[in-house]
Every structure is written in C-alpha cells, then in structure tokens.
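# Structural overview for review
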Amino acid sequence: MAEQAVKEYLHDLEAELRDLPRSRRQELLGEIHEHIDSALADAPAHDEAEVRNVLDRLGDPSDIAEEARQRFGVPKTKSGAMEIAALILLLIGGIILPVIGWFIGVILLWSSRVWTTGEKLAGTLLFPGGLLAPVWLTIGVSFTSTACSPPIRQGQVTVQGCYETGPTVFMRIAQYVLFAALVIVPIAVAILLARRMRAGTAPV
Amino acid sequence: MLRMVHGRPAQEGRDGGLIAQLRRGALEYCVLALLERRERYGFDLVRELAEVDGMVTSEGTIYPMLARLRRDGVVETTWRESPAGPPRRYYKLTPSGRRALKEFRQAWVRFRDGVDRVVSTP
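In this text the structure is predicted, and so the values were computed from the model without any measurement. (Residues numbered from 1 in each chain as written. Chains lettered and ligands numbered in written order. Predicted model: local features only at pLDDT ≥ 70, side-chain atom pairs only at ≥ 80, totals over all residues.)

### Things to note about the overall build of chain B
Scanning chain B for helices and strands turns up 4 helices and 3 strands. Walking chain B from its N terminus toward its C terminus, one meets helices and strands in the order α-β-α-α-β-β-α. Per-residue burial over chain B gives 21% buried out of 122 residues. (Helix = DSSP H or I, 4+ residues; strand = E, 2+ residues; numbered from the N terminus. Buried ≥ 20, exposed ≤ 12 C-beta atoms within 10 Å, placed from the backbone.)

Structure below.
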C-alpha cells in the first residue's frame, strides 16, 4: 500500500527526530508531509512506484534528522547508556543499594523513550526489587525450622522435646518453583527489554 | 557532514568533505536567491534546487535548513491557499534576508573570481 509507505516513512522520521524539541519536530514533520502531498499531487498515477520515488528523493530519515540536529545544535542522545543502566539496576540495583537502587532503575526505565508503556509496566512489576527477593531468600530464610515444646521439670531434670518441622514434599516443590520463577522471570524480562532496545525506538 | 570528520570512508576523503561544506554553505544563499524574485512553497523550492547539478543529494535535508533560516529571521512563512489541495506554507525573504543575500553576493563574486584566477587550468 502506497499510503502505508508514507505513514511508515513519517513514523520513522518522527522517531529519528526524537532529540529535537517537540515544536521543532512537529514543524519538520508537517513540512515533509506537505512535501510528500505536493509531490504526489504532481504525480499522475498515484501508484507505489511513484510514492517510492518521492520517498527516495527525500532521503533517509536518519540523514534528515542528522541535518536537523546539526542545524539546531542538538546533540544526539547517547543511545543505550541510560537503558543499560536501567536494566542493570532493575536486576541487581536492589541488592547493591537495597531497594533504592531498584527504584532508580525504575525511574530510568520510565524516562527512556525506547520502550512502550506495556514493556515498562512489565519491567516494573516483574518483579519489584529484581533479584533482591531470591537473594534474600537464599541467605536469610531456611526452608526448615526447629520447634520445641515448653520445658517440663521432672524432679532434678528438665526435659524439653525438640523436633524439626520440614515442609511437606508438595510444599518443598512449590518453594523451588517459586524460587526459580523469582530468578528466571526478572532475567527473562531484562533480556526482552534489552532486545527491544536494540530494535530501536518504540512505536508511538 | 558539516564538519570534517576523521576516519571517513576513503571516497569521501578530504576533497569530498570540502565540497560538501562549500555546497552546504552556498545552499542557504541559493535559497535566499530563489526567494528574491518571488515567494515559493517548500516543495517548489526543493525541486528547483534539486535541478542544480550536485546541489542536493537528499531533498528532505533542505527542510531543517529552511527551519533554521526561519529561526534566524532571514525568511518567513505564511499560509496560503493552494489552487488544489490543502493550504501551503509559503516562504519569503525578510529585509534581513535581503541584506544577507546582498552581502553574500558581493563576497561570493570576489571569492569565486579569486579562486578561479588561481585554480583554473589555462
């Protein structure tokens, strides 16, 4: 579809112009849109080949964006540094700097323009604290505990019965599954977000 | 593209960079010159410049330049009804643009003649 190609082109251009102030971006998008309309008004057939030709002559959206950044002295965002920091902090920030590190990761995640809102929600909710919970479980909580009956005095001797309360087999399995999920899900989400990051900007 | 960048591909080398810079600098004044006689809308300007050999490699890059010229106050735009289709933005020269063009014209002719005198092969 010819109209689809124009839409995609403008969409790519908008993404490439993300470093420019909003008003400047809208201005350039408006002008280029107008250019395409004018060019197509001149073209008799209105077919795909003509649209291709018009878009080819306009050039690569990244070249237009590069020109715009140079003309207006806007530096190109160092792509990735903030996003990588966000992913690392989401995973282990909570361990390095308890809780706060993870929160900084969340702030970076939501400040980035690379991810969609859905991806950001996934990054935030799966799971809060990142790998803090499984690490804490490993160090601090034993799966078994010891219970003792109250001491009973019998003459000179005090007797106290103690016994280990182990979880049932079912509970033990459930605990391992839960533990595995707490480790795997945050890592899987981080990998997905990292892939998305390389794919480029999020669709608006 | 504007600045000389080290480590560019060989075919763009030193001379390619210089020509690109000259073209880039001159292009702004070509726009002003085209607007001297009458006002034009973007597409009209861009296609006129594209006719000049080697002047424009990608038409879309003209628009950031036009936006910059407008911010610098050498051109201004007005919305005008077009014979067919939606209204268009027409570019016209401001008094300051007219002055800038006049100065460039004098400087350019001197510069061009000077370089020609030295560089031209007999």
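### A word on the environment of A:V74
Residues and elements named next belong to chain A. Its location among the elements puts V74 in the loop between α4 (61-71) and α5 (81-96). The partly exposed category is assigned to V74, around which 15 C-beta atoms lie within 10 Å. Once residues within four sequence positions are removed from consideration, V74 is found in contact with D19, L20 and R69. (Contact = placed C-beta atoms within 7 Å.)

### Re the sheet that holds strand β2 (residues 75-80) of chain B
Residue and element names in this part refer to chain B. The 3 strands lie next to each other as β1-β3-β2, forming an open sheet whose pairing is antiparallel. Of all strands in the sheet, those bounded by a partner on one side alone are β1 (40-41) and β2. As paired strands, β1 and strand β3 (residues 88-93) are joined by 2 bridges and run antiparallel to one another. From the neighbouring strand, Y41 faces β3, where its bridge partner is Y90. (Pairing = 2+ DSSP bridges.)

### Thoughts on the confidence of the model for chain B
Residue and element names in this part refer to chain B. Predicted confidence across chain B gives a mean pLDDT of 84, with 84% of residues reaching 70 or more. pLDDT under 50 marks residues 1-12. Its contacts with residues more than four places away, or in other chains, come to 10 contacts. Interface predicted TM-score (ipTM) for the complex: 0.80; the corresponding pTM is 0.62. (pLDDT = per-residue confidence, 0-100.)

### Side note on the pairing of β3(B)
Within a regular strand, the side chains alternate between the two sheet faces. Strand direction decides the pairing type here: β2(B) and β3(B), joined by 6 bridges, are antiparallel. Along β3(B), the bridge assignment pairs B:T77 with B:Y91.

### With respect to the nonpolar core
Counting residues in each nonpolar core, the largest one holds 33 residues, and the members touching the most others are B:Y63 and B:L66. Listed by contribution, the elements that provide at least two residues to this core are α1 (2-16), α2 (22-42), α3 (48-58) and α4 of chain A together with α1 (14-37), α2 (42-51), α3 (62-71) and β3 of chain B. Of all the elements, α3(B) adds the most residues to this core, at 5 residues. Setting aside residues up to four positions removed in sequence, B:Y63 forms contacts with A:L28, A:E31, A:I32, A:I64 and B:G42. Among the nonpolar cores identified, the runner-up in size contains 16 residues, and A:L90, A:L108, A:L132 and A:M197 belong to it. (Core = buried A, V, L, I, M, F, W, Y, C linked by C-beta atoms within 7 Å.)

### Some thoughts on the interface of chain B and chain A
Interfaces are often sized by the amount of accessible area the parts lose when they come together. Each partner contributes to the interface: chain B provides 18 residues, whereas chain A provides 23 residues. At the level of elements, α2, α3 and β3 of chain B are the ones that each hand at least two residues to the side of chain B that touches chain A. Examining the composition of the side of chain B that touches chain A, we find that 5 residues originate from one element, α3(B), more than from any other. Looking at side-chain class alone, the side of chain B that touches chain A contains 9 nonpolar, 5 polar and 4 charged residues. (Nonpolar A, V, L, I, M, F, W, Y, C, P; charged D, E, K, R; others polar.)

### Some points on the packing of α4(A) against α3(B)
Axis separation between α4(A) and α3(B) bottoms out at 8 Å; the angle between their running directions is 20 degrees. In terms of axis orientation, α4(A) runs roughly parallel to α3(B). Here α4(A) and α3(B) pass one another in a crossing that is right-handed. Across from A:I64, A:E67, A:A68 and A:R71 in α4(A), the residues of α3(B) making contact are B:Y63, B:P64, B:M65 and B:R68. (Axes fitted to C-alpha atoms, helices over the stretch in contact; angles between N-to-C directions. Parallel < 35°, antiparallel > 145°, perpendicular 65-115°, else oblique. Left-handed = near helix turned anticlockwise from the far one by under 90°.)

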